[in-house]
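Breakdown of the fold
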Number of protein chains: 2
Amino acid sequence: MMRRASLALCCLVAGTAFAIGNSNRDKPPTTAKVLESATASDWRRPDPANTLYVELPGGRVIIELAPRFAPLHVANIRQLVAEKFFDGLGVMRVQDNFVAQWGDADKTRPTEAALRKIPDENAFAWSKALPFVKLPDADGYAPETGWIDGFPAGVERKPSGQAWMAHCYGVLGVGRDDWPDTGSGAELYVVIGQAPRQLDRNVVALGRVLRGMELLSSLPRGTGDGMGMYERPEQRVPISSIRLASDLPEAQRTAIEVLRTDTPLFARYVESRRNRQDAWYLMKAGHIDVCSVNIPVRDVPTR
Amino acid sequence: MMRRASLALCCLVAGTAFAIGNSNRDKPPTTAKVLESATASDWRRPDPANTLYVELPGGRVIIELAPRFAPLHVANIRQLVAEKFFDGLGVMRVQDNFVAQWGDADKTRPTEAALRKIPDENAFAWSKALPFVKLPDADGYAPETGWIDGFPAGVERKPSGQAWMAHCYGVLGVGRDDWPDTGSGAELYVVIGQAPRQLDRNVVALGRVLRGMELLSSLPRGTGDGMGMYERPEQRVPISSIRLASDLPEAQRTAIEVLRTDTPLFARYVESRRNRQDAWYLMKAGHIDVCSVNIPVRDVPTR
């Protein structure tokens, strides 16, 4: 919302200018400075076998699947992708400040995988052995929040002993009807608005968009049923294909890296978001919620 | 993200069906039931003198201004509108999960109002006399949150003695450069993503979109400067005019009402969002943050 200067990465120049006369040694680093100091090992390459490419008219949406959170549902989505279930279907629901959703809206493809009844994976068992990176800040929606395998997570050690994916911007979930249906993965949604944390543990969330969010978030909103359904089939946004990166030859893959969440650098990154050091900021928030920590993604650097 | 049934308003039928055999008397009401029970006095009509109509190619965005939060800036925006400053300008920045911003990108209109230096109104003085409706739930970004005049607000009674508008989805703010510039209102932004609460008290927020959010949130994202700038002037989304509703004849106004936030009904509405009663929900969040409470807007009912 700035006029010329702006947030984060783009404030580096202004931040440097402002620092004249101060001790740079004692000043906490800006986000840009933190990311500049990252080394190759602070980044990771998503497993191609867990990477979905959703091909839309506007381009490719890249989604990382999180098998630890919902192994049976991830396996079924892999099955659906293997049988090219989604090819030629479309996005049929875009509800403002909520979700974009795609799948077999007309139930024309009753394959075994699409109809599969899968046990509840809205949450999974907490264990101290989990690679949980805790965010120190309190969160009213969960006793603890942080990241597991690079995905935003809520944790309740007691009484439920559960962990789950937090419904943040860009999170992928499995559409379902009323309980006890858990959804097969034949309909999927991505969060395109304020984190709908009330969905946590109510529905299977099992991935996150790494690239191409704007291809979903900028779609026209639907007007049907008060829930953003496109009212006419021709309004649907066609999906030419959904594939696993591992099913494509190397040349057709998109080489990206994601900032690791289990490193000292990531802790510094979070701190730079909790208390912005850029010159533009007068007040530091002194707080951040898990869904406000955007995890950087970049092209694989050329050597 | 449901397959057929869905959230909130659209779950009423399913909710009713589920309740067979239960005692409806003891069951807390769903959001739909709460809103059904609203009477005319639970709704308010925004003051036309505080209502902006932003006319875009896709239609009208309706914004309510909040003069209590930033009286000098609201007055200057009224002045800019009176001189038709914005007519023929455009939206020049749309950054995914952040803001859509419009104004005089090329500085071609250096009017007195556009160049005016206005004192800081990033926050204003807290007073017990303020009509503050407190949300009981804790919020890490502010000691207290709730609503003032129907707008989401943060409050810090001590030590700062300040109140301010919380940067929620749909909030209107004033673009500025680095401090001590506070912005004149010649550039304005609307939040189109996860609530950027780190902006609270850093920038003047003074209104909220009541209708037409989807006309801003679905705009193509810009690719310039890492901050969503449209790189070519022809990409800008033209604004044919911005007017106050009070400057238009009655026939050209949009007759809408907003749910009041200072009523017992609103408290019940918030509770229905904190703990969803719709059949679709297995888990109740037991918590809500101020930016996750969408304040309903409706057409003025025909008698």
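Residues take numbers from 1 onward in each chain, read along the sequence in its written order. Chain labels run from A onward and ligand labels from 1 onward, assigned in the order the entries are written. The predicted origin of the model limits local features to residues at a pLDDT of at least 70 and limits the giving and counting of side-chain atom pairs to 80 or more, whereas totals for whole chains, interfaces and linings rest on all residues. Side-chain descriptors were evaluated using all non-hydrogen atoms of the structure, hydrogens and water having been removed beforehand.

Considering the sheet that holds strand 3 (residues 59-65) of chain A
All names here are of chain A.
- An order of 14-4-5-12-11-13-3-2-15 is seen for the nine strands of this open sheet, with the pairing classed as antiparallel. Only two strands of the sheet have a single neighbouring strand rather than two, namely strand 14 (237-238) and strand 15 (241-244).
- Pairing between strands is defined by DSSP: at least two bridges between the two strands are required. Runs of E in the DSSP output that reach at least two residues are strands. Runs of H or I that reach at least four are helices, and both are numbered from the N terminus. Relative to strand 15, strand 2 (residues 51-56) runs antiparallel, the two being bridged by four bridges. The residue bridging Val-54 from the neighbouring strand is Ile-242, located in strand 15.

Some words on the interface of chain A and chain B
- Taken together, the contact between chain A and chain B spans 62 residues of the former and 63 residues of the latter.
- Summed over both partners, buried area is the accessible surface (1.4 Å probe) that two parts give up on being assembled. Buried surface at the junction of chain A and chain B, both sides included, amounts to about 5600 Å², of which 51% is carbon and sulfur.
- Here, a salt bridge means any side-chain nitrogen of Lys or Arg that lies within 4 Å of a carboxyl oxygen of Asp or Glu. Taken together, the links from chain A to chain B amount to zero salt bridges.
- Residues adjacent in sequence count toward polar contacts only when both atoms are side-chain atoms; beyond that, a polar contact is any pair of N or O atoms within 3.5 Å, and within protein one must be able to donate a hydrogen and the other to accept it. On inspection of chain A and its partner chain B, the count reaches 18 residue pairs in polar contact (both at pLDDT 80 or more).
- Listed by contribution, the elements that provide at least two residues to the side of chain A that touches chain B are strand 5 (99-103), strand 12 (187-191) and helix 5 (213-217) of chain A.
- Counting residues per element, the side of chain A that touches chain B draws most heavily on helix 5 of chain A, at three residues.
- Here the residues of the side of chain A that touches chain B sort into 28 nonpolar, 17 polar and 17 charged. For this analysis, residues touch if any pair of their heavy atoms sits within 4.5 Å. Put simply, Ala, Val, Leu, Ile, Met, Phe, Trp, Tyr, Cys and Pro go in the nonpolar bin, Asp, Glu, Lys and Arg in the charged bin, and everything else, Gly too, in the polar bin.

Brief notes about the pattern of salt bridges
Residues and elements named next belong to chain A.
- Applying the stated criterion across every chain yields a total of 44 salt bridges over all chains.
- For the salt bridge of Arg-211 with Asp-299, the shortest nitrogen-to-oxygen distance reads 2.9 Å. Residue Arg-211 is found in strand 13 (residues 205-211), and its partner Asp-299 is found in strand 17 (residues 297-299); the two are separated by 88 residues along the sequence.
- The exposure class of Arg-211 is partly exposed, given its relative accessible area of 26%.
- Throughout this description, buried means an accessible area under 20% of the type-specific maximum (1.4 Å probe, protein chains only), exposed means over 50%, and partly exposed covers the range between. By relative accessible area, which is 46% here, Asp-299 ends up partly exposed.

Looking at the sheet that holds strand 4 (residues 90-94) of chain B
Residue and element names in this part refer to chain B.
- In space, the nine strands of this open sheet follow the order 14-4-5-12-11-13-3-2-15, with antiparallel pairing throughout. At either end of the open sheet lies a strand with only one pairing partner, and these are strand 14 (237-238) and strand 15 (241-244).
- For helices, the fitted axis covers only the stretch in contact; all axes are lines through C-alpha atoms, and the angles between them, taken along N-to-C directions, range from 0 to 180 degrees. Running over the sheet, helix 3 (residues 71-82) touches strand 2 (51-56), strand 3 (59-65), strand 11 (171-174), strand 12 (187-191), strand 13 (205-211) and strand 15 and is turned about 120 degrees from strand 15.

What about the pairing of strand 3 of chain B?
Residue and element names in this part refer to chain B.
- For strand 3, the buried fraction is high: five of the seven residues fall into the buried class.
- In the sheet, strand 2 pairs with strand 3 via six bridges, with the strands oriented antiparallel. Its bridge partner being in strand 3, Leu-52 is matched across the sheet by Ile-63.
- Between strand 2 and strand 3, which follow one another and run antiparallel, lie two residues.

So, the state of the cysteines
Residue and element names in this part refer to chain A.
- Defined by distance alone, a disulfide is two cysteine sulfur atoms within 2.5 Å. Under the criterion given, the structure shown has two disulfides over all chains.
- Disulfide pairing places Cys-168 opposite Cys-291 at an S-S distance of 2.0 Å. Its S-S torsion of about -75 degrees marks the bond between Cys-168 and Cys-291 as left-handed, since a negative value means left-handed. Placement of Cys-168 in the loop between strand 10 (162-165) and strand 11 (171-174) and of Cys-291 in the loop between helix 6 (264-274) and strand 17 is noted, with a sequence separation of 123 residues between them. Here the two residues Cys-168 and Cys-291 agree in accessibility, since each one is buried.

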